[in-house]
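Each chain, letter by letter, is given below.
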Amino acid sequence: MSQTETKPFEHLIFDRLIRRANIVTMAKKNDYGIIENGAVGISNGRIVYVGADKSKLNAKETIDADGQWLLPGLIDCHTHLIYGGNRAHEFAMRLNGATYEEIAKAGGGIISSVKATRQASEQELFDSATKRLESLIAEGVTTIEIKSGYGLDLDTELKMLRVAKKIGETYPIRIAPTFLGAHALPPEYKDNSDGYIDLVCNEMIPTVAKEQLATSVDVFCENIGFSYQQTEKIFKTAKKHGLQIKLHAEQLSDQNGATLVAQYDGLSADHLEYLSQNSIEQMAKHSTVATLLPGAFYFLRETKLPPIQALREADVPMAIATDHNPGTSPCLSILLIMNMACTLFKMTPLEALQGVTINAAKALGLNNEIGSIEIGKKAELVLWNIGHPNQLSYQFGSSPENTLFT
Ligand code: DI6
Ligand code: FE
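None of the values given here were measured: they were computed from a predicted structure. Just so you know, the residues in each chain are numbered from 1, in the order the chain's sequence is written. To read the labels, note that chains go from A and ligands from 1, taken in the order they are written. With pLDDT at 70 or above as the cut-off, local features in this predicted model cover only qualifying residues; side-chain atom pairs require 80 or more to be listed or tallied, and sums for whole chains, interfaces and linings still use all residues. Values reported for side chains reflect all heavy atoms of the structure, with hydrogen atoms and water molecules removed beforehand.

Attention shifts here to the coordination of the iron ion (ligand 2). Protein ligation of the iron ion (ligand 2) involves His78 (NE2), His80 (NE2), His248 (NE2) and Asp323 (OD), the donor distances falling in the range 2.1 to 2.3 Å. Note that water is not among the atoms used; donors are N, O and S atoms within 2.8 Å of the metal (3.2 Å for Na, K and Ca), so sites may look incomplete. Along the chain, the residues donating to the iron ion (ligand 2) are arranged with the sequence spacing H-x1-H-x167-H-x74-D. Pair noted here: His248 is in strand β10 (residues 244-249) and Asp323 is in the loop between β13 (318-320) and α12 (334-343), with a separation of 75 residues, a long-range link. By relative accessible area, His248 is classed as buried at 3%. Helix numbering and strand numbering both begin at the N terminus, where a helix is a DSSP run of H or I of at least 4 residues and a strand a DSSP run of E of at least 2. Between buried and exposed lies partly exposed: a residue is buried under 20% and exposed over 50% of the maximum accessible area for its type, with that area taken using a 1.4 Å probe on protein chains only.

Listed below in structure tokens is the structure:
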């Protein structure tokens, strides 16, 4: 009897039964875990049967998949979905020769989105973010991580996180909210970076934790962001308040941030173009996920590739995500990101799919709940009108038809 198949369930009546489906369980290592012509039984929102489509299976509601492919809902595990305005003008500046760092140092970049986000009302932020979200949902995304980080003052950071919460209450989607107060230095703290870190640690993190508005804390550890020491201070504070940690690490330079987040048993280190072999070993040792963001790589016209082969050899789980944000990845297509992971990073279509299912679930600390089709997990599933799961990475610029079950 296979791992996903259980004792006969003939005596049970499921709430819902999806039958005649080609199931992509993502429950086996380095394998799609395909069950051809299978069935999934669901009760109380959880998967209670996965296996052969036996005629005796019974349910209150039966869905005939008619040979379509049933997959775990896709997970976008790194986004900055909520912000005011956009930065199309900076894209033009970069194409005229300015670098991302130069624009940031001149007060543009993240800070220009901060100004627009501070000015926007909660309703305006909700309306613009949900319009973006709808594009992701249309491509089978059922879970999304959303970071704050365009407020950089307590009120606006809380405003962003309240919008994230409201999105989760309004849409049939799971939200993983992350506090990214240490995204950039706000103008009020110019030349007082440590003073801002004190504000983040002494006021912002305690308030966010108390109001239960985030489950994780993230930092932009970079020359134009925050130092290793400042990052460590934030990690200590986050852990003290029971929050999980992750890090924007090694995007533009090697700050040894991935080693730091691994040593604090963080969920993930994200970006990683400048990742060292030493940090890879630390990530492997602490099971820290490598979240790769090909949209930012592409949009910044970066040429240094993240060390995919070394991550593979070290058996570090690799996730991929849109990193949707107005400055470096205004991308709203998880399928395009899967395609880019293959074309730009030479990941395989299987690795790309693992990157938006089981490994993305690990990157959010949710792999006991979602990310694969296994008994006991939440039934957050998508039925795709495709011929094989490889097709999700292959086709770009449009999405195969799909139906969400959440
Ligand atoms: N790295 C990124 O790619 C985004 N944030 C970060 O720390 C960019 C955010 C932005 O430019 O608005
Ligand atoms: Fe990011």
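Let us look at the site of ligand 1. Near ligand 1 there are 14 residues, and of these Arg87, Tyr100, Tyr150, His183 and Thr328 occur at the shortest range. A 3.5 Å cut-off defines polar contacts: any pair of N or O atoms within that distance qualifies, except that in protein one atom must be a possible hydrogen donor and the other a possible acceptor, and neighbouring residues in sequence count only when both atoms are side-chain atoms. Interatomic distance of 3.4 Å between a side-chain N/O atom of His271 and an oxygen atom of ligand 1. The accessible surface values rely on the Shrake-Rupley method and a 1.4 Å probe; as for residues, cover is taken only from the protein chains in view. Its free accessible area being 320 Å², ligand 1 has 100% of it covered by the protein chains. For the shell around ligand 1, the per-class residue count stands at four nonpolar, eight polar and two charged. Nearness here has a simple test: a residue counts as near a molecule or strand if at least one of its heavy atoms is within 4 Å of that partner. Lys, Arg, Asp and Glu make up the charged group, whereas Ala, Val, Leu, Ile, Met, Phe, Trp, Tyr, Cys and Pro make up the nonpolar group; the residues left over, Gly among them, are polar.

The next point concerns the sheet that holds strand β9 (residues 216-219). Think of it this way: DSSP has to see at least two bridges between two strands before they count as a pair. The strand order across the open sheet formed by eight strands is β6-β7-β8-β9-β10-β11-β12-β13, and the pairing between neighbours is parallel. With partners counted over all chains shown, the strands left at the sheet margins are β6 (74-76) and β13, one partner each. When the angles between neighbouring strand axes are averaged without regard to direction, this sheet yields 25°. The sheet contact formed by strand β8 (residues 174-182) and β9 spans three bridges and is parallel. In the strand pairing of β9, Phe179 is matched with Val217. Any two residues whose heavy atoms approach within 4.5 Å at even a single point are treated as in contact. Note on geometry: axes are lines fitted to C-alpha atoms, helical ones only across the stretch in contact, with angles between N-to-C directions running from 0 to 180 degrees. Against the sheet, helix α7 (residues 228-240) touches β8, β9 and β10, its axis set at about 160° to β10.

Turning next to the domain arrangement of the chain. Domain boundaries shown here were taken from an automatic or database domain assignment. The domains assigned to the chain are domain 1 (9-72 + 372-405) and domain 2 (74-363). Computed over C-alpha atoms, the centres of domain 1 and domain 2 are 31 Å apart. In this assembly, 25 residues from domain 1 lie in contact with 22 residues from domain 2. Simply put, the buried area is the total loss of 1.4 Å probe accessible area from both parts when two parts are fitted together. Buried area between domain 1 and domain 2, summed over both chains or domains, comes out near 1800 Å², and the portion from carbon and sulfur atoms is 61%. Of all residues in domain 1, the largest losses of buried area upon contact with domain 2 belong to Met26, Glu380 and Ser393, amounting jointly to 29% of the total for that side. A carboxyl oxygen of Asp or Glu within 4 Å of a side-chain nitrogen of Lys or Arg is what we treat as a salt bridge. Its salt-bridge partner being Glu380, residue Arg174 comes within 2.8 Å of it at the nearest N-O pair. Here domain 1 and domain 2 share seven residue pairs in polar contact (both at pLDDT 80 or more) between them. Those elements that provide at least two residues to the side of domain 1 that touches domain 2 are β5 (69-72), β14 (381-384), α15 (391-394) and β15 (402-405).

For helix α6 (residues 193-210), spanning 18 residues, the distance from its first C-alpha to its last is 25 Å, which sits close to the expected 26 Å at 1.5 Å a residue. Bending of α6 peaks at approximately 35° at the position of Met204, with proline Pro206 no more than four residues after it. Buried within α6 are the following residues: Gly195, Tyr196, Ile197, Leu199, Val200, Cys201, Met204, Ile205, Val208 and Ala209. On its buried side, α6 packs onto α5 (154-170), β8, β9 and α7. Following α6 by one or two positions, Gln212 has its phi on the positive side, about 50°. The span one expects for a helix is its residue count, reduced by one, times 1.5 Å. What the bend at a residue measures is the angle between two axes, fitted to the seven residues ending there and to the seven starting there.

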